[in-house]
Structure formats: structure tokens, C-alpha cells
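Residue strings, one per chain:
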Amino acid sequence: MLGLVLEGGGIKGSFHMGALKALFEHGYKFDGVMGCSIGAFNGALVAQGDFNAGYQLWDTITPSSVMNVDDDMMTNIAEKKWNRNTIKYAIKLIRGTISNRGIPTDKLRTYLSKYVNEEKLRNSPTDFGVVTVSLTDDWLPIEIFKDEMPPGSLLDYIFASASFPAFKGEEIAGKRYIDGGIYDNLPVNPLIRKGYNHIIAIRTMSNMPRQKVIDASVTVDYICPSAPLGGTLAFSSNLLRHNLKMGYYDAMRYIKKLAGKTYYIEDLTDAQFVAYTNQAGVLPYKKISESLELSEREDATDILSSLCKKLNDHGIYADGEFGTFIDFLEPFATALSIERFEIYNFDTFLKKVLSQYVIFGKENLDQKVKLKTELKDVFHSIANAIITHGDLI
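Residues numbered from 1 in each chain as written. Predicted model: local features only at pLDDT ≥ 70, side-chain atom pairs only at ≥ 80, totals over all residues. Heavy atoms only, no water.

In terms of nonpolar packing, the biggest core is built from 59 residues, with Leu20, Leu23, Ile158, Ile202 and Ile223 touching the most fellow members. For Ile202, the contacting residues outside a window of four places in its chain are Leu4, Val5, Leu6, Glu7, Phe15, His16, Ala19, Leu20, Leu23, Leu186 and Ile223. (Core = buried A, V, L, I, M, F, W, Y, C linked by side-chain atoms within 4.5 Å. Buried < 20%, exposed > 50% of the residue type's maximum accessible area, 1.4 Å probe, protein only. Contact = heavy atoms within 4.5 Å.)

This is the structure in C-alpha cells:
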């Protein structure tokens, strides 16, 4: 059985939905869903079969739709655009939170209750569970599935799982609960105990605790954000849409086994890498070898191996020579403002990097790239050799 686990992380939960969009487009179907905090809410929408509505929610939600706040001010705070008015507004919010003993959740609950349908969720064949912690029972962790929740309490348990310490706490049947993330923010084990043998866990890289996986024989695949998602309560529509997009492409990296850490590039074996560059005349190996004093031989495989060893010596490591070369190129691609959210083949990616390099120039690039001078020199040598002697551009 295939299970899905969604990590808590507040506003960072938009990353879940971007990743799930890619997974569903490629035919993934989950037998069970377990979530913590915002992962519990997103998981409920998946389990009840309303992913599309959930994705649309994250694409259109604004701070004022779920809290009594000013959208522009919240965006400035989230994006760290501080000025006198923003600082005054932030202080006002903090004072209000203290005087109210937490951020009121009435508006949030009303908004989200439009999306979670208890009857639909209970009738779904998909397992669904959440993790929370009972304050009343001496901080007892509660891992609970929908068939264990009394009728009418399903949304209560979702909010109990998502009772972030800054919020006013949730109460169910006279007991007070708090965010399950203080116990296990990535609850894989409840699905393992139910017999799931393959789990996809979508992370937010929260710093909250995670329990160790109890059975190493179970396959657990992690889809992780390739860049920080922002703060847990950093509510900005721009940030949410960015994280939706990053979730989609980071899941595509998992699905298609793409190379790269920042960019998304169709993978090549080292043999395919050498064969491609030989056939296309992309890398003029002799000129690169002379420029970098790599080897007296002209054999492409030998020179490429020497080049990657040189990169390793300067701290660039990845699986294989192709992976190492891509990792080496990525910081330069970023500095050259190459579009990140696109799936490239190697030919297209290299062409874009070199074409932009011609426009941008060596001095401008050196100012933007935060790498050792030795690595910058390697890049300039390779780029100039290709531009002057290669067949790529």
C-alpha cells in the first residue's frame, strides 16, 4: 500500500500542494494519508478527493481571508520589507496576540471548514489520520485515524493537530490539545503500523521534532524543498505561489529522477555525458585541458575525469561526473538569472548559461557569484573555450 505523509509547517504547507499536483499528474494514487498541523488540513482535502479545490485555495488565499489583518502589511512583514509603518503594525499584532492569549482562529476555522467535508472524508476509501498532543492528559501524544474520531469531531481533530502555540488552543470533549508538531511533525510511523510498505513524505524542513522511522524495511521517499520556504507564519501571496511552483518542480525531480539541486535537468549517465559532448562538439576538450592544465592526453573521458577531480578538490561533489558538472554550473546559472522553474535537457541548459554569459560579462558575473576565485576561473576557462572553439553557440 502507498501512503502519503505531510509535514507540518504553517504557511509552508503550500509546498505540499505543488508537489501533489505533479504526483497526481503522473498517476500516483494514495491508499492512506497522515498529516500534522497544516499537513493534517491538506491531507484531509487529499483523502476526501478534493485536491483541486485545495490547490486553488492555496493559489488564491490572502491573509485577510483567514485573519483580521491587513494584506499589504502582512506581505511586507513576510517579505521583510520593513519601514516605520510596518514595524508599528507588527508591534500592534504582537500586543494583540498577548492580550488575547493567542491568535484568534475563528475566522480561519470558518474559512477552512468550507473545504473539509466530514461526511465525504468518512465515506472515502482512503485512510486519514492526524497527530496531536493532549495538554489535559499530561502532554500525551495522540495518533488518531478518522474511524477512531467520534462523529462530528473530525474537523476538531484537524484543528487540534494544527493548534500552533501562537494560536488559541483547541478543545475537544473538555480536553485541550496543541499542535502535534511538538511530538512528531512528520508522522510516518502511524501508517507503518497500519501495514503500509511504501510511503511518500512531503517535507517543509520544519525544525519541529520527528520520530525515528520504526521499520527500516519500509520504503520511505522524501520530497524536500530545494530552497527555504519562508517562515511558518510568513503569510504572503507571492511567497505562497512561489512555494506552490517549487513544490511542483521538486516533485518532478523525484518523479523523473532529474539532476541538479537548484535547477531541474534531465539526467545523463557519465557515458551518455561523454558521448553527447563528443557528438555535438559541445566541449572542446583539448582547449579546456590546455587552459586548465588538466592532462596532456586528448581523450575526452580522461579529460572530463580530470576536470571533475579538479572540481572535487574545490568542494564540488555529486554522484558521477555529470552530476558534479551540473552542480558546478548551477551557481553561475543562478547569478546569470537563468529561469529556475523549467525542466531542461543538458544542451538547452548549457546554451542558456553561455548565451547569458556573453551578455553579462566576466566582471559582472564575478561580482554576483559567491564562490572561490579558483572555481570562477575554471568556469571562465570552460565558457570561453566553448564560446571560441565549441559548436554549441
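This next bit is on empty space enclosed by the protein. This structure, assessed with the given rule, holds two cavities of 30 Å³ or more. Every residue along the wall of the largest cavity is listed here: Phe325, Phe328, Leu329, Leu350, Val353, Leu354, Phe379, Ile382, Ala383 and Ile386. Counting residues per element, the ones that place at least two in the lining of the largest cavity are α15 (320–335), α16 (346–360) and α18 (373–389). No other element matches the four residues that α18 contributes to the lining of the largest cavity. Counted by class, the lining of the largest cavity contains 10 nonpolar, no polar and no charged residues. For the second largest cavity, the calculated volume is near 40 Å³. Looking at which element gives the most residues to the lining of the second largest cavity, the answer is helix α14 (residues 300–313), with three residues. Across the lining of the second largest cavity, the residue classes break down as six nonpolar, no polar and no charged. (1 Å grid on protein atoms, 1.4 Å probe; cavity = no way out; pocket = protein on both sides within 12 Å on 5 of 7 lines; lining within 4 Å. Points joined across faces, edges and corners; volume = space filled by probe spheres on them. Helix = DSSP H or I, 4+ residues; strand = E, 2+ residues; numbered from the N terminus. Nonpolar A, V, L, I, M, F, W, Y, C, P; charged D, E, K, R; others polar.)

Quick look at helix α3 (residues 51–60) now. Listed in full, the buried residues belonging to α3 are Phe51, Gly54, Tyr55, Leu57 and Trp58. Each buried residue of α3 lies within a common arc of 155° when the element is viewed along its axis, so the set occupies one face. (Arc of directions from axis to C-beta.)

Here the focus is the pattern of salt bridges. This structure, assessed with the given rule, holds 12 salt bridges. Between Glu25 and Lys21 there is a salt bridge whose closest N-O contact spans 2.8 Å. With Glu25 and Lys21 both in helix α1 (residues 14–25) and four residues apart, this pair spans about one turn of that helix. A salt bridge links Arg253 to Asp250; the nearest nitrogen and oxygen atoms lie 3.7 Å apart. Taken together, the residues Arg253 and Asp250, both in helix α11 (residues 237–256) and three residues apart, mark about one turn of the helix. Take Arg253: its relative accessible area is 15%, and that puts it in the buried class. (Salt bridge = Lys/Arg side-chain N within 4 Å of Asp/Glu carboxyl O.)

Roughly 290 Å³ of internal volume is contained in the second largest pocket. Taken together, 17 residues make up the lining of the second largest pocket; nearest its centre are Leu258, Ala259, Gly260, Asp267 and Asp319. Elements with a minimum of two residues in the lining of the second largest pocket: α11 and α15. It is α15 that contributes the most residues to the lining of the second largest pocket, four residues altogether. Its residues placed into classes, the lining of the second largest pocket shows six nonpolar, four polar and seven charged.

This part is about the packing of aromatic side chains. Tallied over the full model, the rule gives 22 aromatic pairs. Ring geometry for Phe24 and Phe30: centres 6.0 Å apart, planes at 75°, overall edge-to-face. When its relative accessible area of 10% is taken as the criterion, Phe30 is described as buried. Seen from their ring centres, Phe332 and Phe379 are 4.1 Å apart, and the 5° between their planes marks the pair as stacked. Taken together, the residues Phe332 in helix α15 and Phe379 in helix α18 connect sequence positions 47 residues apart. Of the two residues examined, Phe332 and Phe379, each falls in the buried class. Linked through ring pairs, Phe273, Tyr276, Phe322, Phe325, Phe328, Phe332, Phe346, Tyr357 and Phe379 together constitute an aromatic cluster. The ring of Tyr55 has Lys21 sitting right over it, with the charged end atom 5.9 Å from the ring centre. Directly above the ring of Tyr254 sits Lys257, whose terminal nitrogen or CZ lies 4.8 Å from the centroid. (Phe/Tyr/Trp six-rings, centres within 6.5 Å; stacked < 30°, edge-to-face > 60°. Lys NZ or Arg CZ within 6 Å of the ring centre and 35° of its normal.)

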